[in-house]
6 protein chains.
Amino acid sequence: MSERSSFPFALPPLLVERAVAAALDEDLGMAGDITTQSIIPANARGEAAIVARQAGVVAGTDLAEAAFRALDPEVRFVRTVADGGMVAAGEPIATVAGKTRALLSAERTALNFLGRLSGIATLTASYVNAVAGTGARIACTRKTTPGLRAFEKYAVRAGGGINHRFGLYDAVLVKDNHIAAAGGLANALARLRTRGGHLVKIEVEVDTIDQLAEALRFAIDAVLLDNMDIETLRQAVKMVAGRVMTEASGGATLETVPEIAATGVDVISVGALTHSPRNLDSSLEWKR
Amino acid sequence: MSERSSFPFALPPLLVERAVAAALDEDLGMAGDITTQSIIPANARGEAAIVARQAGVVAGTDLAEAAFRALDPEVRFVRTVADGGMVAAGEPIATVAGKTRALLSAERTALNFLGRLSGIATLTASYVNAVAGTGARIACTRKTTPGLRAFEKYAVRAGGGINHRFGLYDAVLVKDNHIAAAGGLANALARLRTRGGHLVKIEVEVDTIDQLAEALRFAIDAVLLDNMDIETLRQAVKMVAGRVMTEASGGATLETVPEIAATGVDVISVGALTHSPRNLDSSLEWKR
Amino acid sequence: MSERSSFPFALPPLLVERAVAAALDEDLGMAGDITTQSIIPANARGEAAIVARQAGVVAGTDLAEAAFRALDPEVRFVRTVADGGMVAAGEPIATVAGKTRALLSAERTALNFLGRLSGIATLTASYVNAVAGTGARIACTRKTTPGLRAFEKYAVRAGGGINHRFGLYDAVLVKDNHIAAAGGLANALARLRTRGGHLVKIEVEVDTIDQLAEALRFAIDAVLLDNMDIETLRQAVKMVAGRVMTEASGGATLETVPEIAATGVDVISVGALTHSPRNLDSSLEWKR
Amino acid sequence: MSERSSFPFALPPLLVERAVAAALDEDLGMAGDITTQSIIPANARGEAAIVARQAGVVAGTDLAEAAFRALDPEVRFVRTVADGGMVAAGEPIATVAGKTRALLSAERTALNFLGRLSGIATLTASYVNAVAGTGARIACTRKTTPGLRAFEKYAVRAGGGINHRFGLYDAVLVKDNHIAAAGGLANALARLRTRGGHLVKIEVEVDTIDQLAEALRFAIDAVLLDNMDIETLRQAVKMVAGRVMTEASGGATLETVPEIAATGVDVISVGALTHSPRNLDSSLEWKR
Amino acid sequence: MSERSSFPFALPPLLVERAVAAALDEDLGMAGDITTQSIIPANARGEAAIVARQAGVVAGTDLAEAAFRALDPEVRFVRTVADGGMVAAGEPIATVAGKTRALLSAERTALNFLGRLSGIATLTASYVNAVAGTGARIACTRKTTPGLRAFEKYAVRAGGGINHRFGLYDAVLVKDNHIAAAGGLANALARLRTRGGHLVKIEVEVDTIDQLAEALRFAIDAVLLDNMDIETLRQAVKMVAGRVMTEASGGATLETVPEIAATGVDVISVGALTHSPRNLDSSLEWKR
Amino acid sequence: MSERSSFPFALPPLLVERAVAAALDEDLGMAGDITTQSIIPANARGEAAIVARQAGVVAGTDLAEAAFRALDPEVRFVRTVADGGMVAAGEPIATVAGKTRALLSAERTALNFLGRLSGIATLTASYVNAVAGTGARIACTRKTTPGLRAFEKYAVRAGGGINHRFGLYDAVLVKDNHIAAAGGLANALARLRTRGGHLVKIEVEVDTIDQLAEALRFAIDAVLLDNMDIETLRQAVKMVAGRVMTEASGGATLETVPEIAATGVDVISVGALTHSPRNLDSSLEWKR
């Protein structure tokens, strides 16, 4: 946890502000929180803690804070656990004090962000722990929730994982369709090289050892070893011999990932980190 | 399935357009799909099928179609299964034909929407099936993914569920905090009645039979029976005797939901439908 | 007025911010207030009062304040009358002190919001007063100014009225077209019940006593008595006998509304509250 | 009317699209028209006419059409009366044919735009008619509904009026505050001249004949004669003697405007055109 | 410079905020400044100066400040030179102190705005200086960078120039196409006068002395003398004799502009001010 | 030119649509093109050619087309030269036929995009030609016009150049500030490696041969040789010996760039490509 507490990344503040505004819009609509406005006096003040109901790795506290602050600019929000840190079941993640109306009306928005992102961070950490001691790193994919990619990729880092490319624009991944359309890998790579920037990496997807051998004839940066069994992965890593990055992709689970890591691959990409995490359950508990 | 094929709802088209634009922005950035543009000729055309890798209930085909159409306005998108319908593993959900570049570049965006919404519809349908034969209906909550509430609530309906309130603005839910702040339920409801519209329903959350008895003294529309055990639920339903809607909330799983339904409650709300569904796995398979 | 001063509602702050930004954009364009910038020194400071030229009920002070604050974040804005309170002709609604440029450039935007919303609140209060002593409540409709619905519905509440549904999404209103298309009211209601949420109210529009009798055979929440004359309204109220909410709709004016209220209906909806209010005239009077 | 049918102006299409999208958002929310979706089959088609319930001048048909088209891109919308043309009570403004769901769900949005803008055009035309035969033209002010200025200024033109400046950015209007801050009109105008563009007109507000005499010593384009009585206005017009544009401002009503026009002023500005028009009542009448 | 330090204009704050947000989005994307986040501690603080590498006129400091402030709301930004003021090569324009991460990540955005706008102001000042002593003023055109018109027109004023119309909406410019379509200038002007506001100026473009003679028969405000040689310009100015504004347009360079000014024209418009300025080079120099 | 005519890239369509909408907003405001609307009949149709007044490389035709199409969806726009192709002075780039009003009102917006982007492409091509025969490639920087980065980076590719990183998010560039803050390059790179994705390249900026030697001790992808003289560059290239990409940065002009290229560097980055291009002059010439 000491290492995680030094988690260096922060979300771009404008992204946080916009995502929180969009989420509050969904919950407040045109009339706002009609229950709370009707019943709670405008000047009432309260204090509460966001308490984890399960152990996990925290991510998304900036979003939670921004949700409360959007409804009460004077709110006091104090983190007990920073993003990337671990929380035990029953322990607080943060305390929040301010206008009671703001706390009640922003509660669900704050928890929805925190729950999803901490769920991703926690799941990522499970995979990272499962490969501890090997050299393998755990990466997410582009199978993210539409509209939340920046946040979900950040949560993966909070859980100790790394990010695969953010989109179709920041790295090249050559798949079988591309190779077929170009009439072979050589042609595909030639086309890429003519106009490609010098700071863009090129990864090639291969399904077989033969394809891998073909790919290694060219100046590329990484190979994506797609859906290979353990034995083939091992062979592939040996053939690559450290010349390019190796990424195992397809079907990794918490059960199978140690074995995959043991093959010596550099990176294991896991779509489930972002497409099917379980929410980290937490709740707002009132102190006064 | 015949019943589901008559699923009557459609997503507001402006919401679809905006969500798809936001998702494509995430994936295309400023440079677009650099692999595809470099390799695939601009005038190449192709055809592919979106094929389910697991059985499930489909939701989100409008979003998938819009993703392809945003990159190729002339694309031909034909549904094999409509939203609310069931698909078997290995069967196609839709076919899509158009510019190869558009198909490749919109693929992930289309599948990300379809996978998440179909996952929700499928999970909802499991709960609906689990309570079949009882009068209970399955409802979602406000524990939705920030930015996707309209779509996730729609997916719940596609799976045969119903929607709880959409936000804090369209129905009243009186919780313990409200009651405490008002100095009792009578006061809270009096405040609500002075200014509340005549088309807004009022639900009161109760934890115990005593609280329920208190709530039933007032003109309300529904009671949320919070985290009650089966025996208490049964008692509660009996006490209500059809005068107001009864909703069981808290901790329902696929294992426990039949028993909960058997208590006679009208509605069972399940946060996991939207906060922790598993993605319905599907892929784009190329025909030519 | 003491009751009104306890007006509990507040506009969602994000809606206020966006509406004020859009209005200032209209007035400032790309060059801003060219008269003021050319003539008034950037560091000049002033103080002024927003003074009502007519008596009325105030609404929209949050928008007025936000207009000044957008151009001078340090502005001091002090309400003399809160939203929902009454102001006499010649009396101040608020005082504002800050940069002279900001006061001059935001003046029209602030007054445009305040004039329209106070006009609605004042007109609503006239109707509310006209039915005082009966049990009838005054409701607005969906005949609002495009883009301002949230604010206009709020102004109706500030004037002592209640809101009909906010849109097509938060309550069901079954009209003759729907009944005809469904082949009768029974079918229409059956379709609604299959997928309708348990927190959505259902109102049925009826034109005649016969239609009312038909509607009352079903489990509905309210009836909209459309364009009925006073005698028919009275009969309708008697027939309903408190089983559902009764709403009189169509043609109510300040002259006819007392008589309508005297029939015993629960709610009288008045489109003119929002589609044809007269602006409440006010002006910025400079103190220094 | 023949003249009006040659009304040359059109609204910028992007403004129409955005305003209609915002208005539909208000009415459809996240769930859309739940009554219509539940009851009306998705493939049902219908035809209806937008019929005026009062005589008036039409404005806003582009917005009405866009509302229907947003929900059914194939809709057929045929104008009987173009913007700027007159409609009699009971006569159709346009017919619309398409998906029944789209017609029902867009109806209120279309009518809200049409009612407000036609109300403004009709009121403007009353003023224009009231000054017919004099040389005076009727102008609107900046007292417009926030967010709708482009449309309301357009409606004024549709009614035969002209537009005063659109905002603080496109013409200079020197008021008493500016003169006081500058230490006299000479200083104020000197400051304006240093940096003012050669295509920006300068108008000076005067309250008295003395102020007018002072203003006429400078090279300005127009004088705003503020709240002058008829006799003073007459004197002012005589003193100006055609050298600059004369604008009478303040307190014009349909009763007083002919007398004001008879003084010989060039322009009479009327805030009520846009801040307090009555909606032109119209409704959607179904043909099938 | 003393005159310039009294530059009276300011950019509308909402435009500044939005433009800076859009520019930061381009540079930060979804992951932010990955180099800085990985290496620089979140709590490190620094101080730097924005130093001009060339002499010039400064414009855009509000945008530069806003860029830093968006990433560190507590940043201290102190101008050494205000917009409209001159800076010598090697001298500071402003100093900025705050979080090191914010300074590094906003640096390029701040300098990009400052460089472009100061480049425009500097080029404008060169033209203004080149015509010093004549009565001619230097104006920009609508040949601005898409999305930056408000800022570029402002920079022209900062350099001592004036603005031509901001768009197609705030002044009339009748060109040969319009005259041809109307069947002559008389018709074109008649059409303009019927509906044109009294605060909109009318300029007519003429290519020849004959066209000028024709134009001067009508009540217009200005003539644009298009691509005339020096001798023809001189003739044109003489013929106009002060009755309307004269604007020389087409082909002015720093070399030719003094001669053009000497013809006595009131305004010389120069497209290159905004379409082809050279960036004013500046850099961020770290103090600690 | 045959090679350029095979230019493979296209702009993301949503970016084109938004940029054009923003630019048209600037030019049309709330009233639109008041000259054209007043004079040109709504149903008039015309045809024109966009003709280059100078030779150059074309870029931005998609934006030009979209500008016309936004005002007339039926417009016919035919390219004579595709993006990346060369045009001679006096030759057409495209022809456009449609509503005369749309052609006149969109003309400036279309030409502003085309002029700026073609100016960048043309300047880039000059640099590319100047280094022809060497292995050096010409790259742009992040010194782009705020809001137009996607388009300007595209124009650089159209001119035969390559793109440096798009922003701070898609590649790592370690500068002296980072190294100082980390306490040496080794520390800085260690921090990057812990959390950096496997598809992100790392470039290190060096000012001296000593720094270069230090940098080459680590696993990096590229070195930025900052402001080195020709002799030092040559030495640097020799020392690198092909192990990493070499980029020369700082002060390259059309005069100096051949000599820089001759040192054997892989990439030469030129800020002026995007911060100070000259507009490529073109105009709309009417055919009828």
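Caption draft 1: Fine view of the overall build of chain A. If you tally the helices and strands in chain A, you get 12 helices and 12 strands. Here the C-alpha coordinates of chain A stretch approximately 70 × 40 × 25 Å along the principal axes. Counting every position in chain A, which comprises 288 residues, the buried fraction comes to 65%. Here the analysis covers contacts within chain A between residues at least 6 apart in sequence; of these, 70% occur between residues at least 24 apart.

Caption draft 2: Broad picture of the domain arrangement of chain A. Residues and elements named next belong to chain A. Domain parsing of chain A yields domain 1 (13-129 + 277-286) and domain 2 (132-275). With 23 residues of domain 1 at the contact, the number on the domain 2 side is 23 residues. Surface buried jointly by domain 1 and domain 2 totals about 1700 Å² across both partners, of which 71% is contributed by carbon and sulfur atoms. Among the residues domain 1 hides against domain 2, the three largest losses belong to Ile120, Thr124 and Tyr127. Together they make up 35% of the total. Put simply, domain 1 and domain 2 have one salt bridge between them. In this structure, the salt-bridge partner of arginine 116 is glutamate 152, at a minimum N-O distance of 2.6 Å. Applying the counting criterion to the domain 1 and domain 2 interface returns eight residue pairs in polar contact (both at pLDDT 80 or more).

Caption draft 3: How the structure looks around the packing of aromatic side chains. All names here are of chain A. Applying the stated criterion across every chain, the model contains 27 aromatic pairs over all chains. Ring centres of phenylalanine 113 and phenylalanine 151 lie 6.5 Å apart, and the angle between their planes is 70 degrees; on these two criteria the pair is classed as edge-to-face. Taken together, the positions of phenylalanine 113 in helix H5 (residues 100-130) and phenylalanine 151 in helix H6 (residues 149-158) put the pair 38 residues apart, joining distant regions of the chain. The same class applies to phenylalanine 113 and to phenylalanine 151, which are both buried.

Caption draft 4: Up close: the environment of methionine 239 of chain D. Residues and elements named next belong to chain D. Note that methionine 239 resides in helix H10 (residues 230-240). Residues methionine 239 and asparagine 177 lie 62 residues apart in sequence; the distance between their C-alpha atoms is 24 Å. Excluding its chain neighbours within four sequence positions, the residues that come into contact with methionine 239 are Ile209, Leu212, Ala213 and Leu216.

Caption draft 5: Seen up close, the pairing of strand S1 (residues 45-52) of chain C. Residue and element names in this part refer to chain C. With respect to burial, S1 is a largely interior element, seven of its eight residues being buried. Across seven bridges, S1 lies against strand S5 (residues 92-99) in antiparallel orientation. Considered in S5, the bridge of alanine 48 is made with valine 96. Relative to strand S12 (residues 282-286), S1 runs antiparallel, the two being bridged by five bridges. The residue of S12 that forms the bridge with alanine 52 is serine 282.

Caption draft 6: Structural view of a positive patch on the surface. Residues Arg45, Arg76, Lys99 and Lys287 of chain B make up a contiguous surface patch of positive charge. In this fold, lysine 287 of chain B is placed in the segment after strand S12 (282-286).

Caption draft 7: Just the sheet that holds strand S10 (residues 245-249) of chain E, in detail. Residue and element names in this part refer to chain E. As summarised here, the arrangement of the six strands in space is S6-S11-S10-S9-S8-S7, forming an open sheet in which the pairing is parallel. Lying at the two open borders of the sheet, with one neighbouring strand each, are strand S6 (137-139) and strand S7 (172-174). Averaged over all pairs of adjacent strands, the angle between their axes in this sheet comes to 25 degrees, without regard to strand direction. One ladder, built from four bridges, connects strand S8 (residues 202-206) with strand S9 (residues 222-226); its direction is parallel. Within S9, the residue paired with valine 204 across the bridge is valine 223.

Caption draft 8: Seen up close, the relation of the copies chain E and chain F. With an RMSD of 0.0 Å, chain E superimposes on chain F once it is rotated by 180 degrees and translated 0.0 Å along the axis. The two molecules are tied by a two-fold rotation axis, judged by turn and shift.

Caption draft 9: Just the pattern of salt bridges, in detail. Tallied over the full model, the rule gives 60 salt bridges over all chains. Glutamate 231 of chain A is the salt-bridge partner of arginine 234 of chain A, the closest N and O atoms lying 3.7 Å from each other. Note that arginine 234 of chain A and glutamate 231 of chain A are positioned in helix H10 (residues 230-240) at a spacing of three residues, about one turn of the helix. With relative accessibility at 40%, the residue arginine 234 of chain A sits in the partly exposed group. Note that arginine 149 of chain E is salt-bridged to aspartate 27 of chain F, the shortest N-O span being 2.5 Å. You can see arginine 149 of chain E sitting in helix H5 (residues 149-158) and its partner aspartate 27 of chain F sitting in helix H1 (residues 13-28), one on each of two chains. With respect to burial, arginine 149 of chain E and aspartate 27 of chain F carry one shared label: buried. Here the salt bridges share partners, and the residues they tie into one network are Asp62, Glu65, Arg69 and Arg79 of chain A.

Caption draft 10: Main features of the relation of the copies chain C and chain D. Relative to chain D, chain C is turned by 180 degrees and slid 0.0 Å along the rotation axis, the superposed coordinates differing by an RMSD of 0.0 Å. Interface overlap between copies: 100% of the residues of chain C at the interface are likewise at the interface in chain D, consistent with a symmetric, same-surface contact.

Caption draft 11: Here's a closer look at the interface of chain C and chain D. Tallying the contact residues gives 53 residues for chain C and 53 residues for chain D. Contact between chain C and chain D buries roughly 4600 Å² in total, counting both sides, with carbon and sulfur atoms accounting for 57%. Contact with chain D buries surface across chain C, with Glu26, Ile39 and Leu168 of chain C losing the most and accounting together for 16% of the total. Counting the contacts that link chain C with chain D gives four salt bridges. Linking chain C to chain D there are 26 residue pairs in polar contact (both at pLDDT 80 or more). When residues of the side of chain C that touches chain D are traced back to their parent elements, those giving at least two are helix H1 (13-28), helix H2 (34-39), helix H4 (100-130), strand S7 (172-174), helix H6 (176-182) and helix H7 (185-195) of chain C. Element by element, the count of residues in the side of chain C that touches chain D is highest for H4 of chain C, at six residues. Its residues assigned to classes, the side of chain C that touches chain D comprises 25 nonpolar, 16 polar and 12 charged.

Caption draft 12: Local environment of the interface of chain E and chain F. On the side of chain F, 53 residues touch chain E, which itself brings 52 residues to the contact. Taken over both partners, the interface formed by chain E and chain F buries close to 4500 Å², and the fraction arising from carbon and sulfur atoms is 57%. Among the residues chain E hides against chain F, the three largest losses belong to Glu26, Ile39 and Leu168 of chain E. Together they make up 16% of the total. Along the contact surface separating chain E from chain F lie four salt bridges. Where chain E packs against chain F, one counts 26 residue pairs in polar contact (both at pLDDT 80 or more). Here the side of chain E that touches chain F gets six residues from one element, more than from any other, and that element is helix H4 (residues 100-130) of chain E.

Caption draft 13: Structural detail: the packing of helix H4 (residues 100-130) of chain F against helix H5 (residues 149-158) of chain F. Residues and elements named next belong to chain F. With their axes 7 Å apart at the nearest point, H4 and H5 run at an angle of 40 degrees to one another. Relative to H5, H4 is oriented oblique. Between H4 and H5 the crossing geometry is right-handed. Within the contact between the two elements, H4 uses Arg116, Leu117, Ile120, Ala121 and Thr124 and H5 uses Phe151, Glu152, Ala155, Val156 and Ala158. Tallied by class, the residues present in the contact of H4 with H5 amount to seven nonpolar, one polar and two charged.

Caption draft 14: Region of interest: the sheet that holds strand S10 (residues 245-249) of chain A. All names here are of chain A. Spatial strand order, S6-S11-S10-S9-S8-S7: six strands in an open sheet with parallel pairing. Looking at which strands have only one partner, the edges of the open sheet turn out to be strand S6 (137-139) and strand S7 (172-174). On average, each strand axis in the sheet is inclined to that of its neighbour by 25 degrees, with strand direction left out of account. Where S6 meets strand S11 (residues 267-269), three bridges bridge the pair, whose relative direction is parallel. Residue pairing across strands places isoleucine 138 opposite isoleucine 268, the latter belonging to S11.

Caption draft 15: Highlighting the side chain of glutamate 203 of chain A. Structurally, the position occupied by glutamate 203 of chain A is in strand S8 (residues 202-206). Within the buried set, glutamate 203 of chain A has no salt-bridge partner at all; the shortest N-O distance to an opposite charge, 6.5 Å, is to arginine 165 of chain A. Within the local environment of glutamate 203 of chain A, its side chain forms a polar contact with the side chain of histidine 164 of chain A, the two groups lying 3.4 Å apart. What glutamate 203 of chain A contacts, discounting residues up to four positions off in sequence, is His164, Val172, Leu173, Val174, Ala222, Val223, Leu224 and Glu247 of chain A together with His198 and Leu199 of chain F.

Caption draft 16: Region of interest: the confidence of the model for chain A. All names here are of chain A. Averaged over every residue, the pLDDT of chain A is 95; residues scoring 70 or more account for 98%. Here residues 1-5 scores under 50 on pLDDT; set against residues more than four positions off or in separate chains, the count is 13 contacts. Reported confidence for the predicted complex is 0.96 by ipTM and 0.96 by pTM.

Conventions adopted
Residues numbered from 1 in each chain as written. Chains lettered and ligands numbered in written order. Predicted model: local features only at pLDDT ≥ 70, side-chain atom pairs only at ≥ 80, totals over all residues. Heavy atoms only, no water. Helix = DSSP H or I, 4+ residues; strand = E, 2+ residues; numbered from the N terminus. Buried < 20%, exposed > 50% of the residue type's maximum accessible area, 1.4 Å probe, protein only. Contact = heavy atoms within 4.5 Å. Domains from an automatic or database assignment. Buried area = accessible area lost by both parts, 1.4 Å probe. Salt bridge = Lys/Arg side-chain N within 4 Å of Asp/Glu carboxyl O. Polar contact = N/O pair within 3.5 Å; in protein donor to acceptor, adjacent residues only side chain to side chain. Phe/Tyr/Trp six-rings, centres within 6.5 Å; stacked < 30°, edge-to-face > 60°. Pairing = 2+ DSSP bridges. Patch = residues over 30% accessible without salt bridge, like charges linked within 9 Å, V, L, I, M, F, W, Y side chains within 5 Å. Areas by Shrake-Rupley, 256 points an atom, 1.4 Å probe, with all protein chains shown as cover. Lys, Arg positive; Asp, Glu negative; His and termini not counted. Charge placed at Lys NZ, Arg CZ, Asp CG, Glu CD. Axes fitted to C-alpha atoms, helices over the stretch in contact; angles between N-to-C directions. Least-squares fit on C-alpha atoms with pLDDT ≥ 70 in both. Nonpolar A, V, L, I, M, F, W, Y, C, P; charged D, E, K, R; others polar. Parallel < 35°, antiparallel > 145°, perpendicular 65-115°, else oblique. Left-handed = near helix turned anticlockwise from the far one by under 90°. pLDDT = per-residue confidence, 0-100.

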